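If you want the building blocks of each chain, they are given just below.
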Amino acid sequence: MIISKRNVSATKKRTIVAHTHPDSIISEQFRMIQTNIKFMLVDQKSRTLLITSPRDGEGKSTTAVNLAVSMAQQKKKVLLIDANLRKPSLHTFFKLSNSNGLTDVLTGRLSFNEVVHHTEIWRLDVLSSGLVPFNPVELLGSQMMQELLKKVTQFYDTVIIDSNSILEVTDTKLLSTQCDGVILVVKNGKTKLEKAAEAKKVLEFAKAKLVGVILNQ
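Residues numbered from 1 in each chain as written. Predicted model: local features only at pLDDT ≥ 70, side-chain atom pairs only at ≥ 80, totals over all residues. Heavy atoms only, no water.

### Comments concerning unusual backbone geometry
The phi angle at Lys-75 is positive, at roughly 65°, despite the residue not being glycine. Relative to the helices and strands, Lys-75 is located in the loop between α3 (60-73) and β3 (78-82). What makes Lys-75 exposed here is its relative accessible area of 64%. A positive phi angle, near 65°, is found at Lys-207, a position not held by glycine. As for its placement among the helices and strands, Lys-207 is situated in the loop between α10 (193-205) and β8 (210-216). The class of Lys-207 is exposed, set by a relative accessible area of 75%. (Helix = DSSP H or I, 4+ residues; strand = E, 2+ residues; numbered from the N terminus. Buried < 20%, exposed > 50% of the residue type's maximum accessible area, 1.4 Å probe, protein only.)

### Quick word on helix α8 (residues 143-152)
All of the buried residues in α8 are Met-145, Leu-148, Leu-149 and Val-152. Buried residues along α8 cover an arc of 95° about the axis, so they all sit on one side. (Arc of directions from axis to C-beta.)

### Digging into the side chain of Ser-129
In this structure, Ser-129 sits in the loop between β5 (124-127) and α7 (136-140). Here the side chain of Ser-129 touches Asn-98 through a polar contact of 3.1 Å, side chain to side chain. Each residue touching Ser-129, except ones within four places of it in the same chain, is listed here: Asp-82, Asn-84, Leu-85, Pro-88, Asn-98, Gly-101, Leu-102 and Thr-103. (Polar contact = N/O pair within 3.5 Å; in protein donor to acceptor, adjacent residues only side chain to side chain. Contact = heavy atoms within 4.5 Å.)

Take a look at the structure:
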């Protein structure tokens, strides 16, 4: 189980600490987390990781972004997907347009290559959510989503998916079964112990592989 404590005070400004301060203690902790993930999923050639939390506002998007950047810095080709189709935020970290994205791919309006963003961070690509749809559950549980993940894992060493909180919507449960592993983000002083335990049970019931927990402090 991965356990990391870090200060997230700077993340309120959508700061990508792993990129702006690569020599900081926080960045080092993200490198430690990715090393632990590597050993946990050692048998998998391509790793698909879902980042979620029991409730909203516990730092999962910030964690997903910094973990993706940290992996790209270690010479891994990384795709970061915003699958939070209700409250997307990854585009704000990278100052990207969110007019097109994952929803367009899942509805067949545009291809993956037409909407993927190549960021200024070498080896890191971002697939933003696109416009908020009226049917996120249907889209994320669709055959198109499965086909997309199957396709992108052929070209990327790691695919990191930022999702909605596990206890609030069904979307995340559907995604968890399609990924090689799930990382649960909890926040010290905010996440109640019973909610963290409930999130773990939900993932177990869905037969998802919980590879670790990241503790925000």
